[in-house]
Amino acid sequence: MKTVRNMIYNINRTMEHDPAAHSKLEVLLLYPHIKALLFYRLSHRLYRWHLFFLARFFSNIGRFWTNIEIHPGAQIGKGLIIDHGTGVVIGETAVIGDDCLIYHGVTLGGTGKEHCKRHPTLLNGVMCGTGAKILGNVTIGNRVKVGANAVVTCDVPDDHTVVGINRIIKKTK
């Protein structure tokens, strides 16, 4: 039941965000991030039940159909939009809060140096621009904007913008 509520919320949020979306049916059937999130929710449930092979199996089917790779161990809140989606990678220990927006080519990955929690945490309302790479066990604060092609390997406080390589700019209000 929670999965259905999340999916309805995601569809409504997509309708609000994307001016190209003409109907909820179109979003449900044709938007790859909706399909990727459906596969993720199934895979995540199997992962929590310690059915790791089945979880990865369904995760790989989702990746094949959508070109969006979400590890079943990741934790994703409601309202995630993956706009265009192609090439997005979300690692096993990544945590994504509510109402985040991720554009194509974004990687939420590890640096190869961490153990246990090795992927980023995005708090609520984060926007990741095209091609952004957020690497390691870092926390991206609420309502942060990560610029296109930025590389982030450090924590970013709430209501800031990060561009380039770890260049944090205070948001003006």
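Okay, so let's go over this structure. If you're wondering where the values come from, they're calculated on a predicted model, not measured in any experiment. (Residues numbered from 1 in each chain as written. Predicted model: local features only at pLDDT ≥ 70, side-chain atom pairs only at ≥ 80, totals over all residues. Heavy atoms only, no water.)

As for the overall build of the chain
Along the chain, the regular secondary structure elements total four helices and 15 strands. Its C-alpha radius of gyration of 15 Å places the chain within 12% of the 16 Å reference for a compact globule of 173 residues. With the principal axes as the frame, the chain shows a C-alpha extent of 40 × 40 × 25 Å. For the chain, with 173 residues in total, the buried portion stands at 45%. Total accessible area computed for the chain in this model is approximately 9,100 Å², and 61% of it derives from carbon and sulfur atoms. (Helix = DSSP H or I, 4+ residues; strand = E, 2+ residues; numbered from the N terminus. Rg over C-alpha atoms; globule rule 2.2 N^0.38 Å. Buried < 20%, exposed > 50% of the residue type's maximum accessible area, 1.4 Å probe, protein only. Areas by Shrake-Rupley, 256 points an atom, 1.4 Å probe, with all protein chains shown as cover.)

Quick notes on the pairing of strand β15 (residues 167-170)
Inspection of the sheet shows strand β14 (residues 160-163) paired to β15 by four bridges, in the antiparallel sense. Considered in β15, the bridge of valine 163 is made with arginine 167. Hairpin connection of β14 to β15: three residues between the antiparallel strands, including glycine 164 at a positive phi of 60°. (Pairing = 2+ DSSP bridges.)

Points about the pairing of β14
Burial along β14 is one-sided: His160 and Val162 are buried, while Thr161 and Val163, pointing the other way, are not. Pairing of strand β12 (residues 145-146) with β14 involves two bridges; the strand directions are parallel. Residue pairing for β14: valine 146 is matched across the bridge by valine 162.

Structural notes on the packing of helix α1 (residues 2-17) against helix α3 (residues 32-48)
How two helices pack is summed up by the angle between their axes together with the distance between the axes. At their nearest, the axes of α1 and α3 sit 11 Å apart, and the two run at 160° to each other. The orientation of α1 relative to α3 falls into the category roughly antiparallel. Once α1 is placed against α3, the crossing between them reads as right-handed. For the pair formed by α1 and α3, the contact residues are Thr3, Asn6, Met7, Asn10, Ile11 and Thr14 on the first element and His33, Ile34, Leu37, Leu38, Arg41 and Arg45 on the second. (Axes fitted to C-alpha atoms, helices over the stretch in contact; angles between N-to-C directions. Parallel < 35°, antiparallel > 145°, perpendicular 65-115°, else oblique. Left-handed = near helix turned anticlockwise from the far one by under 90°. Contact = heavy atoms within 4.5 Å.)

Some remarks on the environment of aspartate 18
For aspartate 18, the position within the fold is in the loop between α1 and α2 (24-30). Considered as a pair, aspartate 18 and asparagine 67 are 49 residues apart in the sequence and their alpha carbons are 20 Å apart. At 3.0 Å, the side chain of aspartate 18 forms a polar contact with the side chain of tyrosine 31. (Polar contact = N/O pair within 3.5 Å; in protein donor to acceptor, adjacent residues only side chain to side chain.)

A look at the pattern of salt bridges
Under the criterion given, the structure shown has four salt bridges. Close ionic contact of aspartate 99 with arginine 13 constitutes a salt bridge, the shortest N to O distance being 3.4 Å. With aspartate 99 in the loop between β5 (95-96) and β6 (101-103) and arginine 13 in helix α1, this pair connects stretches of sequence that are 86 residues apart. Classification of aspartate 99 as partly exposed rests on a relative accessible area of 29%. The buried category is assigned to arginine 13, whose relative accessible area is 18%. (Salt bridge = Lys/Arg side-chain N within 4 Å of Asp/Glu carboxyl O.)

Overview of the packing of aromatic side chains
A full pass over the atoms with the stated rule returns four aromatic pairs. Both rings, one in tyrosine 47 and one in phenylalanine 52, keep their centres 5.0 Å apart while their planes meet at 70°; by these two values the pair is edge-to-face. Each ring, one from phenylalanine 53 and one from phenylalanine 57, has its centre 6.4 Å from the other, and the planes form 20°; the classification is stacked. Of this pair, phenylalanine 53 and phenylalanine 57 both sit in helix α4 (residues 52-66), four residues apart, which is roughly one turn of the helix. Sitting over the ring of tyrosine 9, lysine 78 keeps its end group 4.5 Å from the ring centre. (Phe/Tyr/Trp six-rings, centres within 6.5 Å; stacked < 30°, edge-to-face > 60°. Lys NZ or Arg CZ within 6 Å of the ring centre and 35° of its normal.)

Thoughts on the state of the cysteines
Summed over all chains, the structure comprises zero disulfides. This cysteine, cysteine 100, is not joined by any disulfide, and cysteine 128 carries the nearest cysteine sulfur, 7.1 Å off. For cysteine 100, a relative accessible area of 0% corresponds to the buried category. (Disulfide = S-S within 2.5 Å.)

By themselves, these observations are geometric and do not establish any function.
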